[in-house]
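# Summary of structural features
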Amino acid sequence: MEFDDKQIREFREAFDYFDDHSEGFLETRHLKKYLAEMGYEASDLEVAQMKSKLDTSSKEKIDFDSFLTIAENILGGSNEGMEGELKNAFRMFDKEGSGSIGVEVLREIMLAVDPNMDKKELDQMIRETDSDGSGTVDFDEFLEFMM
């Protein structure tokens, strides 16, 4: 997985935020905390594997390139897993097996996930997703909507 310039800037901002002393390195002993702050709950085993793979100097520090590698590994794997989960969910809602679901079904799904979602915002998101105005959303549109 390759990141675009915007994503790299965002990871740089996160890295700089975690780099308390502006040394250009992060201490690996805090890696699990950093990942949690970025929304990824890593197991102790995952963290240990990341440390051993990227901290080859045994200085217990990683640079930005190593941090970016971790992000690539996490996001690359989670996107594939997420896509599989979304495909299964889509099939469940595509009761006729037509390869599409109605926008009303999509609206119900989103309101079930977040009952407090702003309805006007949701309508706008659905209009953008159903750009051809067909009243249905195929899997690719659904995937884009959910990601």
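As a reminder, the structure under discussion sits directly above these lines.
Let me sum up the structure you'll find in this document. Here the residue numbering is sequential within each chain, running from 1 through the sequence in written order. Thresholds applied to this predicted model are a pLDDT of at least 70 for local features of residues and 80 or more for the giving and counting of side-chain atom pairs; totals over whole chains, interfaces and linings are not thresholded and use all residues. With hydrogens and water excluded, all non-hydrogen atoms of the structure serve as input to the side-chain values.

### Remarks on the overall build of the protein
Stated formally: Secondary structure elements are defined from DSSP: runs of H or I of at least 4 residues count as helices, runs of E of at least 2 residues count as strands, and each element is numbered from the N terminus. Exposure is judged per residue with a 1.4 Å probe applied to protein chains only, and the accessible area is read against the type maximum: over 50% gives exposed, under 20% gives buried, and values in between give partly exposed. Between two residues, a contact is recorded if the distance between any of their heavy atoms is within 4.5 Å. Surface accessibility follows the Shrake-Rupley procedure with a 1.4 Å probe radius. Residue values consider only the protein chains on display as shielding.
A tally of regular secondary structure across the protein gives seven helices and four strands. Listing every helix and strand of the protein by position from the N terminus yields α-β-α-α-β-α-β-α-α-β-α. When burial is assessed residue by residue, the protein has 31% of its 147 residues classed as buried. Nonlocal contacts in the protein, meaning residues at least 24 apart in sequence, comprise 58% of its contacts between residues at least 6 apart. Approximately 9,800 Å² of the protein is accessible, and the part contributed by carbon and sulfur atoms is 48%.

### A look at unusual backbone geometry
Glycine aside, the phi torsion of most residues is negative, and most peptide linkages are trans. At Ser22, a position not held by glycine, the phi torsion is positive, near 50°. Mapped onto the secondary structure, Ser22 falls in the loop between α1 (5-18) and β1 (26-27). Owing to a relative accessible area of 66%, Ser22 belongs among the exposed residues under this scheme.

### What to know about the packing of helix α5 (residues 103-113) against helix α6 (residues 119-129)
Here is the rule we go by: To get an axis, a line is fitted to the C-alpha atoms, and for a helix only the part in contact is used. The angle between two axes follows their N-to-C directions and goes from 0 to 180 degrees. Note on terminology: angles under 35 degrees are roughly parallel, angles over 145 are roughly antiparallel, angles of 65 to 115 are roughly perpendicular, and the others are oblique. Two helices crossing with the near one rotated counterclockwise from the far one by less than a right angle form a left-handed crossing, whereas a clockwise rotation gives a right-handed crossing. Side-chain classes follow a simple rule in which Ala, Val, Leu, Ile, Met, Phe, Trp, Tyr, Cys and Pro form the nonpolar group, Asp, Glu, Lys and Arg form the charged group, and the remainder, Gly included, forms the polar group.
Running from N to C, α5 and α6 cross one another at 135°; their axes reach a closest spacing of 11 Å. Taken as axis vectors, α5 and α6 run oblique relative to one another. Here α5 runs over α6; the crossing is right-handed. On α6, the residues touching Val103, Leu106, Arg107, Met110 and Leu111 of α5 are Lys119, Leu122, Asp123 and Ile126. When grouped by side-chain class, the residues that make up the contact of α5 with α6 number six nonpolar, no polar and three charged.

### Quick look at the pattern of salt bridges
Going by this rule: By definition here, a salt bridge exists when the distance from a side-chain nitrogen of Lys or Arg to a carboxyl oxygen of Asp or Glu is within 4 Å.
Across all of its chains, the model carries seven salt bridges by this definition. Glu23 is paired through a salt bridge with Lys61; the nearest N and O atoms lie 3.7 Å apart. Of this pair, Glu23 sits in the loop between α1 and β1 while Lys61 is found in strand β2 (residues 61-62), placing the two residues 38 residues apart along the sequence. Its relative accessible area of 43% is what places Glu23 among the partly exposed residues. By relative accessible area, which is 33% here, Lys61 ends up partly exposed. A salt bridge links Asp44 to Lys32; the shortest N-O distance between them is 2.7 Å.

### A closer look at the packing of aromatic side chains
Here is the rule: Note on ring pairs: Phe, Tyr and Trp rings are taken, using the six-membered ring of Trp, and paired if centres are within 6.5 Å. Classes follow the plane angle, with under 30 degrees stacked, over 60 edge-to-face and the rest tilted. Any Lys NZ or Arg CZ that is within 6 Å of a ring centre and within 35 degrees of that ring's normal is treated as a charge sitting over the ring.
Tallying each qualifying case throughout the model produces eight aromatic pairs. Taking the centre distance of 6.5 Å and the plane angle of 35° together, the rings of Phe64 and Phe67 count as tilted. With Phe64 and Phe67 both in helix α4 (residues 64-93) and three residues apart, this pair spans about one turn of that helix. Here Phe64 falls in the buried class, since its relative accessible area comes to 10%. Classification of Phe67 as buried rests on a relative accessible area of 2%. Taking 5.3 Å as the distance between ring centres and 50° as the angle between the ring planes, the aromatic pair formed by Phe90 and Phe142 counts as tilted. With a gap of 52 residues between them, Phe90 in helix α4 and Phe142 in helix α7 (residues 139-146) connect regions that are remote in the sequence. With relative accessibility at 4%, the residue Phe90 sits in the buried group. What makes Phe142 buried here is its relative accessible area of 2%. Taken together, Phe15, Tyr17, Phe18, Tyr34, Phe64 and Phe67 form an aromatic cluster joined through their ring pairs. One cation-aromatic arrangement involves Arg12 over Phe64; the distance from NZ or CZ to the ring centre is 3.9 Å.

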